[in-house]
Amino acid sequence: MADLKERAQALNPQLVEWRRHVHHNPEIGFDTPETEAFIVERLREMGIQDIRTGVAGHGLTAIIRGDKPGKVLGMRADIDALNMKEDTGLPFASKNDYMHACGHDAHVAMMLGAVKLIMENRKDISGTIKLIFQPSEETGDGAPAMIEAGVLEDPALDGIVGLHTGNLWKGPVEGQVGYRVGAIMASADWFYVTFTGKGGHGATPHLTVDPIAMACQAVSAMQMIVSRNTSPLSSAVVTVGTINGGTAPNIIPPTCTISGTTRTLDPETRTMVLERIKQICENVAQAMGGRVEVSFKYGPPPLMNDKGMTEKLIRAAGQVLGEDNVVEVVEPTMGGEDMAFFQEKVPGTFFFHPSGLSEGKTNPHHHPKFDVNEDVLWVGSAVLANFALTWQDEE
Ligand SMILES: [Zn+2]
Ligand SMILES: [Zn+2]
């Protein structure tokens, strides 16, 4: 695979150019028509004709059929930016009020690079490769919308692969990739609670039902979900991010609301945490003579990497980078990633491409000065391409 590595390295200036174009022209949510058109043009230049545009807003899929029989692999890149203003001062900085502050611009470039490498080795393709360019990852609803639009069918996927660039994980460094079997990112759900009591004068609490007291009890009791209900060997986060009630020091208001987010690394803990929040709120309200409404907004489930697919990734990455440059990510991150919706349905692997660790580029994701190290873009392209070309090979 020395050829593939050299070709990928030689392609790096092209990857930089593509990444800068996408970076300069960011679009958010499902509203990504220019990014879609840019990707379609590049795919056409590479000789790919079987393209379906307008999949869930401005997402797209494209099919590459090999000459040899085989399975169907999905390769997914997210393409959306964030609703925030850039402050990098880079010559190719955003031309509008949005910003690629999560590296999805680099994902587009690396996927296109992988496609170019795959097309250069077309005779080695077995089966079918389905490219999935997905909008609206940052809001967590792009992947479910694409699934709804049928991307996992016709042809049905047997496996899926994707990556995230940046500095989200500890362990591997630039020039390497990180893998993990099992959970690599967390579920991310949101809860909204309204406590209702009976308002009145602050001097006569006995004539009221105080929803602020209910909310305080519930927030305290929720701290026990992680400490008393979650297995010490599992992980969970319960964060209450807002609490709102009341207008004056001497008024007991009729309602008080709280909202928050939960993060977990396995489906059982996820279900338990959400159920416990509901039980705690309902029982606190009942005990204090009030009422409560609890609702959830479900985000992505935990992102679970399939063992077999991850072993194939380790092999494919090792062939191009050397085994020493394929590093286990020991600690998953509690951030969410909507790739999890795809991997809930299809065995897949999602790997980490470090690119934001070097001097001057260490700002966190979603920061107005976030940037990636363009020198290592070829690494993502090479690993994706080699995975697509070898994943069906026997050991
Ligand atoms: Zn992000
Ligand atoms: Zn991201």
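As the structure is a computational prediction, the values presented were derived from the model and not from experiment.

Student: Could you clarify how one ought to interpret the domain arrangement of the protein in this entry?
Tutor: Interfaces are often described in size by the accessible area the parts lose on coming together. As assigned here, the protein comprises domain 1 (2–185 + 303–390) and domain 2 (187–298). Contacts between the two partners involve 8 residues from domain 1, matched on the other side by 8 residues from domain 2. Broken down residue by residue, the surface that domain 1 buries against domain 2 is led by Met-304, Met-334 and Gly-336, which jointly contribute 62%. At the junction of domain 1 and domain 2, the tally comes to 0 salt bridges. The interface formed by domain 1 and domain 2 includes 1 residue pair in polar contact (both at pLDDT 80 or more).

Student: Whenever I open this one, the packing of helix α6 (residues 211–229) against helix α7 (residues 267–287) confuses me. Can you help?
Tutor: Angle between the axes and distance between the axes: these two values describe a pair of packed helices. Where α6 contacts α7, the axes come no closer than 9 Å and their chain directions differ by 145°. The chirality of how α6 crosses α7 is right-handed. Across the interface between the two elements, Met-214, Gln-217, Ala-218, Ala-221, Met-222, Ile-225 and Asn-229 from α6 touch Met-272, Val-273, Arg-276, Ile-277, Ile-280, Cys-281, Val-284 and Ala-285 from α7. In terms of residue class, the contact of α6 with α7 is made up of 12 nonpolar, 2 polar and 1 charged.

Student: What is the right way to look at the packing of aromatic side chains in this model?
Tutor: Two measures describe an aromatic ring pair: the distance that separates the ring centres and the angle between the ring planes. Summed over all chains, the structure comprises 3 aromatic pairs. Note on Trp-169 and Phe-352: the rings are 4.4 Å apart at their centroids and 55° apart in plane angle, and the pair reads as tilted. Separated by 183 residues along the polypeptide, Trp-169 in the loop between β5 (159–166) and β6 (177–179) and Phe-352 in strand β16 (residues 348–354) bring together distant segments of the chain. Residue Trp-169 shares its accessibility class with Phe-352, and that shared class is buried. Taking 6.4 Å as the distance between ring centres and 20° as the angle between the ring planes, the aromatic pair formed by Phe-387 and Trp-391 counts as stacked. Taken individually, Phe-387 and Trp-391 each receive the classification buried, so the pair is uniform in this respect.

Student: Quick question: what am I supposed to make of the coordination of the zinc ion (ligand 1) here?
Tutor: Octahedral six-donor coordination of a metal ideally yields angles of 90 or 180 degrees, compared with 109.5 degrees for tetrahedral four-donor coordination. With distances of 2.1 to 2.6 Å, the protein atoms coordinating the zinc ion (ligand 1) are Cys-102 (SG), Glu-138 (OE), Glu-138 (OE) and His-366 (NE2). In this structure, the zinc ion (ligand 1) is positioned 3.3 Å from the zinc ion (ligand 2), and both are ligated by Cys-102. With Cys-102 in the loop between β3 (68–78) and α4 (104–120) and Glu-138 in the loop between β4 (126–134) and α5 (142–148), this pair connects stretches of sequence that are 36 residues apart.

Student: Would you mind going over unusual backbone geometry with me for this structure?
Tutor: Across residues other than glycine, the phi torsion is negative in most instances, and most of the peptide bonds are trans. Cis geometry is found at the peptide bond from Asp-154 to Pro-155, where omega equals 0°. With respect to the helices and strands, the residue Pro-155 is situated in the loop between α5 and β5. Even without being a glycine, His-366 presents a positive backbone phi close to 70°. Structurally, the position occupied by His-366 is in the loop between β16 and α10 (377–390).

Student: Just to check I follow, could you spell out the pairing of β4 for this structure?
Tutor: As a general feature of sheets, a regular strand has side chains that alternate between the two faces. For β4, a buried count of 9 out of 9 residues is recorded, marking the element as mostly surrounded by other parts of the structure. Relative to β4, strand β2 (residues 59–65) runs antiparallel, the two sharing 6 bridges. For Ile-64, the partnering residue across the bridge sits in β4 and is Ile-129. Between β3 and its parallel partner β4, the chain crosses via α4, and the hand of that crossover is right-handed.

Student: Would you mind going over the pattern of salt bridges with me for this structure?
Tutor: In this structure the tally under the stated criterion is 19 salt bridges. Close ionic contact of Lys-95 with Glu-34 constitutes a salt bridge, the shortest N to O distance being 3.7 Å. Here Glu-34 lies in helix α3 (residues 33–45) and Lys-95 lies in the loop between β3 and α4, a separation of 61 residues in the sequence. Looking at Glu-34, the relative accessible area reads 46%, which means it is partly exposed. One salt bridge in this structure joins Lys-369 and Asp-87, with 3.1 Å as the shortest N-O distance. Residue Lys-369 is located in the loop between β16 and α10, and its partner Asp-87 is located in the loop between β3 and α4; the two are separated by 282 residues in the primary sequence. Within the structure, one salt-bridge network assembled from shared partners comprises Arg-19, Arg-20, Asp-105, Asp-371 and Glu-374.

Student: In this structure, what is going on with the coordination of the zinc ion (ligand 2)? I would like to understand it.
Tutor: Within the first shell, the zinc ion (ligand 2) binds the protein through Cys-102 (SG), His-104 (NE2) and His-164 (NE2), at distances of 2.1 to 2.7 Å. Along the chain, the residues donating to the zinc ion (ligand 2) fall in the pattern C-x1-H-x59-H. Relative accessible area serves as the criterion here: at 8%, Cys-102 is assigned to the buried category. Judged by its relative accessible area of 2%, His-164 is buried.

Student: How should I be thinking about the sheet that holds strand β10 (residues 236–245) in this particular structure?
Tutor: Strands in a sheet are paired, the pairing made by backbone hydrogen bonds, and the direction either parallel or antiparallel. Taken together, 4 strands build an open sheet; the order of strands is β10-β12-β8-β13 and the sheet is antiparallel. Edge positions in the sheet fall to β10 and β13 (291–298), since each has one partner strand and no second. Pairwise comparison of adjacent strand axes, ignoring direction, gives a mean angle of 20° for this sheet. Looking at chain direction, strand β8 (residues 187–196) and strand β12 (residues 255–264) are connected through 10 bridges and run antiparallel. For Ser-187, the partnering residue across the bridge sits in β12 and is Thr-264. Sitting on the sheet, α6 touches β8, β10, β12 and β13, and the angle it makes with β10 is about 170°. Sitting on the sheet, α7 touches β8, β10, β12 and β13, and the angle it makes with β13 is about 160°.

Rules and cut-offs
- Residues numbered from 1 in each chain as written.
- Chains lettered and ligands numbered in written order.
- Predicted model: local features only at pLDDT ≥ 70, side-chain atom pairs only at ≥ 80, totals over all residues.
- Heavy atoms only, no water.
- Domains from an automatic or database assignment.
- Contact = heavy atoms within 4.5 Å.
- Buried area = accessible area lost by both parts, 1.4 Å probe.
- Salt bridge = Lys/Arg side-chain N within 4 Å of Asp/Glu carboxyl O.
- Polar contact = N/O pair within 3.5 Å; in protein donor to acceptor, adjacent residues only side chain to side chain.
- Axes fitted to C-alpha atoms, helices over the stretch in contact; angles between N-to-C directions.
- Helix = DSSP H or I, 4+ residues; strand = E, 2+ residues; numbered from the N terminus.
- Left-handed = near helix turned anticlockwise from the far one by under 90°.
- Nonpolar A, V, L, I, M, F, W, Y, C, P; charged D, E, K, R; others polar.
- Phe/Tyr/Trp six-rings, centres within 6.5 Å; stacked < 30°, edge-to-face > 60°.
- Buried < 20%, exposed > 50% of the residue type's maximum accessible area, 1.4 Å probe, protein only.
- Donors = N, O, S within 2.8 Å, 3.2 Å for Na, K, Ca; no water.
- Pairing = 2+ DSSP bridges.
- Right-handed = clockwise from strand over helix to strand, strands pointing away.

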